[in-house]
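Next come the chains, spelled out residue by residue.
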Amino acid sequence: MCGIVGYVGHRNVVDVIFKGLTNLEYRGYDSAGMALLDQNEIKVFKSLGKLINLKNVLSESSAQLTAPTSGIGHIRWATHGSPSLENAHPHTCTCGKLAVVHNGIIENYKELREELIKKGCKFRSQTDTETIAHLVAHEYENAKDLEIAVRNAVKKLQGAYAICVMHQNVPDVIIGARKNAPMLVGVGEGENFIASDTPAIIEYTKKTIYLDDNEIAVVTKNSIKITDIHGAVINKKVETLPWEPVALSKLGYKHFMLKEIHEQPDIIRNILNGKIYDIDSPVVLNEVKIDKDTLKKLNKIQIIACGTSLHAAMVGKYLIEDFAGISVDVEPSSEYIYRKTTTDSSTLVIGVSQSGETADTITAIKQAKEKNSHVLIITNRPDSYMARLADSLIPVNAGIEVSVAATKSYIAQLISFYLLALHLGEIKGTLSGDFLKNIKHELIQLPTKIEEILSNASSIKECARIFSSFKNFIYIARGINLATAYEGALKLKEISYINATGYPAGELKHGPIAMLDETMPVLSILIPGGITYDKILSNSEEAKARNAKLIALTSSDDENLKALFDVVLKIPHVCEILSPAICCVPLQLLAYYIAEFLGKDVDQPRNLAKSVTVE
Ligand code: AGP
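Residues numbered from 1 in each chain as written. Predicted model: local features only at pLDDT ≥ 70, side-chain atom pairs only at ≥ 80, totals over all residues. Heavy atoms only, no water.

1. Remarks on the overall build of the protein
Applied cut-off: Under the DSSP-based scheme used, a helix requires at least four consecutive residues in state H or I and a strand at least two consecutive residues in state E, with every element numbered from the N terminus. Each residue gets one of three labels from its accessible area relative to the maximum for its type: buried under 20%, exposed over 50%, partly exposed in between, using a 1.4 Å probe on protein chains only. For this analysis, residues touch if any pair of their heavy atoms sits within 4.5 Å. Here, Shrake-Rupley sampling with a 1.4 Å probe gives the accessible areas, and only protein chains in the shown set may cover a residue.
Regarding its fold elements, the protein presents 19 helices and 24 strands. With the C-alpha coordinates of the protein rotated into their principal frame, the extents come out at 80 × 55 × 40 Å. Taking all 615 residues of the protein together, the buried fraction comes to 60%. In the protein, the share of contacts with a sequence separation of at least 24, taken over all contacts with a separation of at least 6, comes to 71%. Accessible surface, the protein: about 23100 Å² in total, of which carbon and sulfur atoms supply 49%.

In structure tokens, the structure reads:
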């Protein structure tokens, strides 16, 4: 949610910041802007909407620029104030000599704004961020030192912030500070960077220093000084990023989402490699840092997550209860944080997050830590703040995910839950040897089965063509695939803006059946051999009797299904317990192709952002 890039160094400043923002654009695309130090003067350029518009503004204004030597840039996902040019970052102080970009929310901005107006500051936007510009400028007037001014200003801020500041009187110095929002320093040679996330700098350096809360980084092209809120210098570890710039390329696919869907078989192979050596050996999950005796006695788990990660958590609950017999609660992070929970030191709390940045989940995790629970984080970003809060960390290793709609990170979370549930079951001795062998064998077969779906996607594309004109959908399932129905419907909502709802099949008759007619297709997830097949078939019949168009997603070979369903989407044979890892793929493709037919912006759907860093 929003993205920050700051640069000082020998390269073309506009190009570096623009490239960095391009690699962060999946985080927000309401507006973009840059402040550049050029000929001892701060020059600000802004545009509305996608980043490409900023490029046009910059080329139209090229006559105003000679050779900028440092700068800061931002892409915005609007929180305070509409997406407008005045509200776009960077924001400047009254005299325009100081510029700031900001991610997060300043909760006490109204009080600060009133005080600053009384002191003569002229505000031009509705944002909370502009308050920071005036506040730092005001502190600078007193302290005559930008570092001290930033330190004094952030002490007055309440809420969440990652900020990057520059002042024309302090040339080629960029200052970053953070609290409850990610920020890092990219370490180069004769150049340095400040950014809100690693994709912004990966083209130029893999060396990174992660700032912690209340730290301030003063960065020039040849120096990096990091201090705490009191000004004491801190020696921080320089870490090396684990991935290559190629991860940010579409590799010939039309969209990142399609590329990421196709990466899923290899992602599963990578995760299983090193965790399941052979079907006769226990799962190796050294990441879980709780001793075996404690694990054996464990009788309560709480899983907290948001969105797609929440759906993975729902599958996780089913698996852990089934394999290990431990009771599991799953809750949206945003609900967990506003109630009195029963979390205590004997509860294992699992946080699930693709980004590791989701504010709701971070707050929930912090609350659980305060209750002395062991916190296990399942995330795709082992470099994230959430990961650093973990007592145990399972990195899902899906690689950077650019499309705003999560796909490959979901399947990676699911596989991590299969491994965790098996691990817990093996420790507790709740699973038979034959079951363990079979399930491990079947897990290893998953990538090949998904490849089969991906190479026969034409039937899904045809289904998307037929159904792309419908305005409403219901996805029904029971048991472990209820989460699949929720996730399939969420994918469709996110990228096509169609009203799609996941619903427990048995609940249809308790209300939603009233909505059914020929305008409301029902998609049923039917896995034969399991305990839910016949019941969902009956629920589908009930929908047919109300003239609903029916789609089946099934591994059944039953030819009679063609008489009941308008479209039958076939998937390879799979046991019910593993079917969520197969069924999610055609539903991702269905959502993708419907959005494609409708001409939607698949990778950057309206109103969304990849990391949701506000509560
Ligand atoms: C997924 O397609 C969504 N973009 C969204 O629901 C996402 O899963 C949610 O915001 C949680 O994000 P996280 O996994 O990074 O915590």
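Let's pick the thread back up.
2. Notes on the nonpolar core
Selection criterion: What makes a nonpolar core is a set of buried Ala, Val, Leu, Ile, Met, Phe, Trp, Tyr and Cys residues whose side-chain atoms join them at distances within 4.5 Å. Domain segmentation is taken from an automatic or database assignment of domains.
Ile301, Ile320, Ile350, Ile415, Leu420, Phe473 and Leu589 are the most contacted members of the largest nonpolar core, which has 99 residues in total. Each of domain 2 (252-447) and domain 3 (458-597) contributes no fewer than three residues to this core. With near-sequence residues (within four places) excluded, Leu420 lies in contact with Leu285, Val288, Ile320, Ile350, Leu376 and Ile394.

3. Some remarks on the packing of helix H9 (residues 307-324) against helix H13 (residues 408-428)
Going by this rule: All axes are obtained by fitting lines to C-alpha atoms, using only the stretch in contact for helices, and the reported angles, taken between N-to-C directions, cover 0 to 180 degrees. Just so you know how the angles are binned, under 35 degrees is roughly parallel, over 145 roughly antiparallel, 65 to 115 roughly perpendicular, and the rest oblique. Two helices that cross are described as forming a left-handed crossing if the nearer one is turned anticlockwise from the farther one by less than a right angle, and a right-handed crossing if clockwise. Ten residue types, Ala, Val, Leu, Ile, Met, Phe, Trp, Tyr, Cys and Pro, are classed as nonpolar, four, Asp, Glu, Lys and Arg, as charged, and the remainder, Gly among them, as polar.
Close contact between H9 and H13 brings their axes to 9 Å; oriented N to C, the two are set at 20°. Accordingly, the angle class assigned to the pair H9 and H13 is roughly parallel. For the crossing formed where H9 meets H13, the hand is right-handed. For the pair H9 and H13, the contacting residues are Thr308, Ser309, His311, Ala312, Ala313, Val315, Gly316, Leu319, Ile320, Phe323 and Ala324 in the first and Tyr410, Gln413, Leu414, Phe417, Tyr418, Leu420, Ala421, Leu422, Leu424, Gly425 and Lys428 in the second. Residues that form the contact of H9 with H13 fall into these classes: 15 nonpolar, 6 polar and 1 charged.

4. Here's the deal with the sheet that holds strand S4 (residues 70-76)
The line we're drawing: Should DSSP find at least two bridges between two strands, the strands are regarded as paired.
The 8 strands lie next to each other as S3-S2-S4-S1-S10-S9-S11-S14, forming an open sheet whose pairing is antiparallel. Only two strands of the sheet have a single partner each, and these edge strands are strand S3 (41-48) and strand S14 (239-240). As paired strands, strand S9 (residues 184-187) and strand S11 (residues 207-210) are joined by 3 bridges and run antiparallel to one another. Across the sheet, residue Gly186 finds its bridge partner in S11, namely Thr208. The strands that helix H1 (residues 13-24) touches are strand S1 (3-9), strand S2 (31-38), S4 and strand S10 (191-195); relative to S1, the one it contacts most, it runs at about 155°. Against the sheet, helix H2 (residues 51-60) touches S2, S3 and S4, its axis set at about 135° to S3.

5. Some details on the environment of Lys236
Test applied: Polar contacts, as counted here, are pairs of nitrogen or oxygen atoms within 3.5 Å of one another; within protein the pair requires one atom able to donate a hydrogen and one able to accept it, and residues that are adjacent in sequence qualify only if both atoms are side-chain atoms.
Following the sequence through the fold, Lys236 ends up in the loop between strand S13 (224-227) and S14. Taking the C-alpha atoms as reference points, Lys236 and Lys225, 11 residues apart in sequence, are found 9.5 Å from one another. Leaving out residues up to four positions away in the same chain, Lys236 has contacts with Ile209, Tyr210, Leu211, Asp212, Glu215 and Ile226. Side chain to side chain, Lys236 and Asp212 meet in a polar contact 2.8 Å long.

6. With respect to the domain arrangement of the protein
Each assigned domain of the protein is listed with its residue range as follows: domain 1 (3-247), domain 2 (252-447) and domain 3 (458-597). Relative placement of domain 1 and domain 3: their C-alpha centres are 46 Å apart.

7. A short note on unusual backbone geometry
In this structure, Pro90 follows His89 across a cis peptide bond, with omega equal to 0°. As for its position among the elements, Pro90 is in the loop between S4 and strand S5 (91-92). Even without being a glycine, Gln39 presents a positive backbone phi close to 50°. Within the secondary structure, Gln39 sits in the loop between S2 and S3. Residue class for Gln39 comes out exposed when judged on its relative accessible area of 56%. With phi around 65°, Asn372 is a residue other than glycine that occupies positive phi space. Mapped onto the secondary structure, Asn372 falls in the loop between helix H11 (359-370) and strand S18 (374-379).

8. What about the packing of aromatic side chains?
Stated formally: Aromatic rings from Phe, Tyr and Trp, taking only the six-membered ring of Trp, are treated as a pair when their centres fall within 6.5 Å; an angle between ring planes under 30 degrees marks them as stacked, one over 60 as edge-to-face, and anything in between as tilted. Here, a charge over a ring means that NZ of Lys or CZ of Arg falls within 6 Å of the ring centre while also lying within 35 degrees of the ring normal.
Evaluation of the coordinates by the stated rule reveals 7 aromatic pairs. Judged by centre distance (6.2 Å) and plane angle (55°), the rings of Phe467 and Phe473 are tilted. You'll find Phe467 and Phe473 in the same group, each marked buried. Taken together, the ring pairs in this structure connect Phe467, Phe470, Phe473 and Tyr475 into an aromatic cluster. The residue whose ring lies beneath Arg178 is Tyr385, and the NZ or CZ to ring-centre distance is 4.7 Å.

9. Overview of the site of the ligand
Here is the rule: Neighbouring residues are identified by heavy atoms, a residue being near a molecule or strand if any of them is within 4 Å of it.
Of all residues adjacent to the ligand, which total 14 residues, the nearest are Ser309, Ser353, Ser355, Thr358 and Glu494. Residue Ser353 places a side-chain N or O atom 2.6 Å away from an oxygen atom belonging to the ligand. The side chain of Lys491 places a nitrogen or oxygen atom 3.1 Å from an oxygen atom of the ligand. Here the ligand, which alone exposes 410 Å², has 91% of that area covered by the protein. Counting residues per element, the ones that place at least two in the shell around the ligand are H9 and helix H16 (482-496). Among the elements that take part in the shell around the ligand, H9 stands out by supplying 3 residues, more than any other. Here the residues of the shell around the ligand are counted per class, giving 5 nonpolar, 7 polar and 2 charged.

10. Comments concerning H1
Filter applied, for reference: For a helix, the expected span equals 1.5 Å multiplied by the number of residues minus one.
For H1, with 12 residues, the first-to-last C-alpha span of 17 Å sits near the 16 Å given by 1.5 Å per residue. Burial analysis of H1 places 9 of its 12 residues in the buried class, the great majority of the element. Along H1, the positions that sit buried rather than exposed are Val13, Val14, Val16, Ile17, Phe18, Gly20, Leu21, Asn23 and Leu24. Tucked inside the fold, the buried residues of H1 contact S1, S2, H2, S4 and S10. One side-chain oxygen at the N-terminal end of H1 lies 3.0 Å from the backbone nitrogen of Val14; it belongs to Asn12.

11. Description of the pairing of S18
Threshold: Crossovers are marked right-handed if the path from the first strand over the helix to the second runs clockwise, as seen with the strands pointing away from the viewer.
With respect to burial, S18 is a largely interior element, 6 of its 6 residues being buried. Taken together, the 6 bridges between strand S17 (residues 348-353) and S18 define a ladder with parallel strand orientation. Residue pairing across strands places Gly351 opposite Ile377, the latter belonging to S18. Viewed along the sheet, the connection from S17 through H11 into S18 turns out right-handed.

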